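Close look at the chain arrangement
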Amino acid sequence: MKSRSVALNGIEKDSFDLCVIGGGATGAGCALDAQLRGLRTVLIEAGDFACATSSSSTKLIHGGVRYLEQAVSERDLGQYHVVKRALRERKIMLDNAPFLANPLELMVPCFSRREIYYFRIGMKLYDWISGPNMLFQSRHLSREESLRRMPMLKSDRLVGTIAYADGQFDDARYNLALLQTFTKSGGEALNHARVVGFKKNGKGQLVQARVHDGLSGDYLQIRARVFINATGPFADGIRELAKPGVRRRLRLSKGSHILLPVDAVTSNDALLVPKTDDGRVIFAIPWLGRLLVGTTDEEITLQDEMVVKEEEAEYLLKQLNRYLVRPLNKNQIVSGFAGMRPLVASGNPRGTKELIRDHEVEVDSSSGLISVLGGKWTTYRAMAQDAIDTVMQRLAMPAVPCITSNHRLAGFDGWRPNFWAELVREYGVSKETAWHLSHKFGTTAIEVLDLAKDTPLLKEPIVEGFGSVLAEVVYGVREEMATSIEDILARRTGLQFFSWEQARAAAPAVGAIMAHELGWSPVQQKDAVNGYISKIDRLMDLIGLASPGSRSLSVG
Ligand SMILES: Cc1cc2nc3c(=O)[nH]c(=O)nc-3n(C[C@H](O)[C@H](O)[C@H](O)COP(=O)(O)OP(=O)(O)OC[C@H]3O[C@@H](n4cnc5c(N)ncnc54)[C@H](O)[C@@H]3O)c2cc1C
């Protein structure tokens, strides 16, 4: 990726076929598809890339067994098609970036023979719908086998488990890999740039977006022939800018997750809790060295803050603890995150957990705005394909076929599962660091470690007990447009998801390198570090965890 200032200069002077608004999964997918089909494309993101819903998911690449259950119980053909398409996309996502995604076996505990039959038939149906894209067959595990693999399960009434396959991924890094692939293909991207208005031509069609640069405070104009609104939960806001008074289409649902040490449950397997108090499922999944537990589902508005609250953390623990011999407690939580599901309102009064996870490409003929609404991470590519087909039609261009189903992402070339061992051999880094880099960057990890050739200090860990090294901070700033400590610690390295306390401890070192790279003054550096630490303290306070406080670590 270009540096932000170089990108900004070029974008202002240029004129584009397509401007994609929103740098989450949907926007990144649209931008890549369009650029690969020959459209000159720019992507504009109000915050950091992947800063909203796309880094707050349950990290599952899935058709959705719960949606299949709804499809069957309500004879809902729409839900069935959503599941079928997602299962096809699941395989594509795994194949295009295997360093960021892997198949996963999930286990459903059953407490009666009836439950065994019910889930066995359901999962066989899931396998069957997957067809050639099946990852591996679902199967019944005996009570003994289930307890061997999950010794933490309450054994008194357990009859057995049903194990089935889905995919799992690193959502923030997948989003960044899509953007890296897009910019490597010639596309332009800019973060911290918010669309705040549009200019129309004499026929009322959008021709320019007015954009606020969140870092300098300046405004710029972006010229394009077509604009795609890929702003997820914020899509109604852009629709309103293009056509004041337009009917709102989205209903928003908040989902919270908590993370705990993976050894808190003495199992490396993923658990699906099939029934919660509010009629949902929750997952407890090993993910990048932690146990990820989620999610809640609560209808909200855009004004609600996306932070995990104490009652949400307690709710998740309560649902999970019903299945565990040794209950987990709040003090074991190491971090958490919350996001907003952008669900397309169906017009009926169903609760948000029952709304279909399908997407819609809406064309506003009066302004020409194309909005991509709803969907799931798993279907981002199919959503983009539909959206770009629509763009090509609007531009009356000869139809160019979509090639993203077979387009490997940046970091894929030459990658294999034991690539990390080569990093250990070639660069002398620890096994932990090599594994981390291999699974965050694929073979692009070489570019990260090459930064340390002349400055061996950059091979040092960002913080003890986590694989990330200081070179990632430099790489994040120079090649991935990171501009804040949170950009680095949350979405680039993932340390903020691994541990709030460790992220907090890493902030001064990260701030020092960023200050050097970005030319921050000592005051700016101090503010950045203290601002980040205060934010983490607040996240901890909100769920009732004793934060180390701004006592020892704050700068100055
Ligand atoms: C709790 C939860 C769990 C989930 N789990 C899964 C899962 O396991 N698997 C799965 O497949 N899906 C899952 N999903 C769904 C999936 O995460 C979302 O469908 C997907 O991330 C939406 O991506 P998006 O790009 O549309 O939206 P976002 O990621 O929210 O991106 C929209 C972007 O637009 C930007 N923006 C807003 N306004 C403007 C503006 N004016 N100018 C410029 N940019 C703007 C925002 O800053 C934001 O970055 C989950 C969702 C939630 C909330």
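Above this text is the structure in question.
Here we come to the overall build of the chain. Each helix and strand in the chain was counted, giving 18 helices and 18 strands. Taking 2.2 N^0.38 as the reference for a compact globule, 556 residues should give roughly 24 Å; the C-alpha atoms of the chain span a radius of gyration of 23 Å, in line with that estimate. Principal axes of the C-alpha set define a box for the chain whose edges measure 70 × 55 × 45 Å. Relative to its 556 residues, the chain shows a buried fraction of 59%. Summarising the internal contacts of the chain: among those between residues at least 6 apart in sequence, 72% fall at separations of at least 24. With the model as given, the accessible surface of the chain reaches about 21800 Å², and the carbon-plus-sulfur share is 52%. Here the chain carries 69 positive and 64 negative side-chain charges, and the mean point of each set is 4 Å from the other.

Moving on: the layout of surface pockets. The computed volume of the second largest pocket comes to approximately 810 Å³. Together, 31 residues line the second largest pocket, and Glu-69, Tyr-118, Phe-119, Pro-274 and Lys-275 are the ones closest to its centre. Residue composition of the lining of the second largest pocket, by class: 14 nonpolar, four polar and 13 charged.

Time to look at the nonpolar core. The biggest cluster of nonpolar side chains holds 143 residues, and the ones touching the most others in it are Tyr-174, Ile-228 and Leu-489. Looking at which element gives the most residues to this core, the answer is helix H17 (residues 500–518), with eight residues. The residues touching Ile-228, leaving out its near neighbours within four places in the chain, are Leu-18, Cys-19, Val-20, Ile-21, Cys-30, Ile-370, Val-372, Ala-387, Ile-388 and Val-391. With 22 residues, the next largest nonpolar core counts Val-83, Leu-87, Ala-270 and Phe-283 among its residues.

Another point: the site of the ligand. Lining the immediate environment of the ligand, one finds 37 residues, of which Thr-26, Glu-45, Ser-54, Leu-60 and Thr-378 sit closest. A distance of 3.1 Å is found between an oxygen atom of the ligand and a backbone nitrogen or oxygen belonging to Ala-25. At a separation of 2.7 Å, an oxygen atom of the ligand approaches a polar side-chain atom of Thr-53. For the ligand, whose accessible area on its own is 1000 Å², the fraction buried by protein is 95%.

Moving on, we come to the packing of aromatic side chains. Under the counting rule described, the total for this entry stands at 14 aromatic pairs. Between Tyr-174 and Trp-377, the ring centres sit 5.7 Å apart and the planes meet at 80 degrees, which makes this aromatic pair edge-to-face. Taken together, the residues Tyr-174 in helix H7 (residues 171–184) and Trp-377 in the loop between strand S18 (370–374) and helix H10 (380–394) connect sequence positions 203 residues apart. You can call Trp-377 buried: its relative accessible area is 10%.

About the thresholds
- Residues numbered from 1 in each chain as written.
- Predicted model: local features only at pLDDT ≥ 70, side-chain atom pairs only at ≥ 80, totals over all residues.
- Heavy atoms only, no water.
- Helix = DSSP H or I, 4+ residues; strand = E, 2+ residues; numbered from the N terminus.
- Rg over C-alpha atoms; globule rule 2.2 N^0.38 Å.
- Buried < 20%, exposed > 50% of the residue type's maximum accessible area, 1.4 Å probe, protein only.
- Contact = heavy atoms within 4.5 Å.
- Areas by Shrake-Rupley, 256 points an atom, 1.4 Å probe, with all protein chains shown as cover.
- Lys, Arg positive; Asp, Glu negative; His and termini not counted.
- Charge placed at Lys NZ, Arg CZ, Asp CG, Glu CD.
- 1 Å grid on protein atoms, 1.4 Å probe; cavity = no way out; pocket = protein on both sides within 12 Å on 5 of 7 lines; lining within 4 Å.
- Points joined across faces, edges and corners; volume = space filled by probe spheres on them.
- Nonpolar A, V, L, I, M, F, W, Y, C, P; charged D, E, K, R; others polar.
- Core = buried A, V, L, I, M, F, W, Y, C linked by side-chain atoms within 4.5 Å.
- Near = heavy atom within 4 Å.
- Polar contact = N/O pair within 3.5 Å; in protein donor to acceptor, adjacent residues only side chain to side chain.
- Phe/Tyr/Trp six-rings, centres within 6.5 Å; stacked < 30°, edge-to-face > 60°.

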